[in-house]
Amino acid sequence: MKHAHPATETQSDQLDPARAQAFQIALGQTPDIGAGSVLPPFYHQLYFWAPQPANDLGRDGHPRLGTGLIPDLGLPRRMWAGGRLGFAHDLCVGVPAERHSTVESVEHKHGRSGPLAFVTLRHEFRQQGRVCLTEWQDLVFRQDPSHDAPRPVPPVARTDETDLRELSFDSIQLFRYSALTFNGHRIHYDRDYARDVEGYDGLVVHGPLLAQHLMLMACDLIGPLAQFSYRAASPLMDSETASFCRRDTDLWVRGPDGRAVMTANAVPML
């Protein structure tokens, strides 16, 4: 299996305030982010696009494996399993920034559903000559599902929260987030593909969008963040209403059937 790929990638972005304002509108907020404003946590997902020609895309709409940082692993299904973030300094809107990316690890395993590959990407976001944010993205690649294979049983979510917010996501919200993050993954907007090819019950809510809401909740209830980590436990469909929960520095998303969708931990800034 080929693993030839660049050791690092560097991208530049001006952090246009118009894109952050569009996201605020999509979230139902007042669009008040302007040039010089502090970029809210995880809003960097809206920037550093890396458009690829159609011939370099895989069947799922993502850049075909082997064309960028991630090697061709021979496994067609891609899922965002989780991530970690370390916040050192504020990123400011309208100020040139760079993202330096590298593949930190590639690990092959064999699970109950067959072969798996775990890829960890490390991104450093720099502005005005210093590292402001470090992010680790954990991706999982697996083979196509067997239609007669039993579905994994997701873990049960906690019910001891002190704070709870209920949110639902429709196809328009998912399309807007895909557009703002330049995410072409068809599981978020192509219902037939999501159901017939990847075996989901509907459109899949983006894992980073769930993490975004948890981070905003943490900032509201805990304050500015020094670190944030999150882990996906099961997919959330566009037909479901989810509970976003917090107790102390633990946060989680609970599905309507009580299953764990995502777990997270926030470390406040001292």
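For the structure, see preceding data.
Overview of the structure. Being a predicted model, the structure only gives us computed values, none of them experimental.

As for the pairing of strand S10 (residues 260-268)
Part 1 of the reasoning: Of the strand pairs in this sheet, strand S7 (residues 225-232) and S10 are connected by seven bridges, and their pairing is antiparallel. Bridge pairing in S10 links serine 229 to asparagine 265.
Part 2 of the reasoning: Sheet topology note: the strand S9 (residues 250-254)/S10 ladder contains five bridges and is antiparallel. For aspartate 250, the partnering residue across the bridge sits in S10 and is asparagine 265.
Part 3 of the reasoning: Taking the residues between adjacent antiparallel strands as the criterion, S9 and S10 are bridged by five residues, where glycine 258 takes a positive phi near 90 degrees.

Quick notes on helix H4 (residues 207-221)
Part 1 of the reasoning: Counted at 1.5 Å a residue, the expected span for H4 with its 15 residues is 21 Å, and the 21 Å between its end C-alpha atoms agrees.
Part 2 of the reasoning: Within H4, 12 of the 15 residues are buried, which leaves it mostly tucked inside the rest of the structure.
Part 3 of the reasoning: Taken together, the buried positions of H4 are Gly207, Pro208, Leu209, Leu210, Ala211, Gln212, His213, Leu214, Met215, Leu216, Met217 and Ala218.
Part 4 of the reasoning: With its phi angle positive at about 120 degrees, glycine 223 sits one or two positions after the end of H4.

Here we look at the sheet that holds strand S8 (residues 241-247)
Part 1 of the reasoning: Ordered in space as S1-S3-S4-S5-S2-S7-S10-S9-S8-S6, the 10 strands form an open sheet in which the pairing is antiparallel. What marks the edges here is a single partner per strand, and that holds for strand S1 (8-13) and strand S6 (163-168). Taking each pair of neighbouring strands and ignoring which way they run, the sheet shows an average axis angle of 20 degrees.

Observations regarding the environment of alanine 97
Part 1 of the reasoning: Take alanine 97: it is sitting in strand S3 (residues 97-111).
Part 2 of the reasoning: Leave out the neighbours within four places in its chain, and alanine 97 touches Gln11, Ser12, Asp13, Leu15, Phe48, Arg126 and Gln127.

Quick word on the side chain of serine 178
Part 1 of the reasoning: In this fold, serine 178 is placed in helix H2 (residues 171-180).
Part 2 of the reasoning: Residue serine 178 is classed as buried on the basis of its relative accessible area of 5%.
Part 3 of the reasoning: Those residues in contact with serine 178 that lie beyond four places of it in its chain are Asn183, His188 and His206.

Rules of the game
- Residues numbered from 1 in each chain as written.
- Predicted model: local features only at pLDDT ≥ 70, side-chain atom pairs only at ≥ 80, totals over all residues.
- Heavy atoms only, no water.
- Pairing = 2+ DSSP bridges.
- Helix = DSSP H or I, 4+ residues; strand = E, 2+ residues; numbered from the N terminus.
- Expected span 1.5 Å × (residues − 1).
- Buried < 20%, exposed > 50% of the residue type's maximum accessible area, 1.4 Å probe, protein only.
- Axes fitted to C-alpha atoms, helices over the stretch in contact; angles between N-to-C directions.
- Contact = heavy atoms within 4.5 Å.

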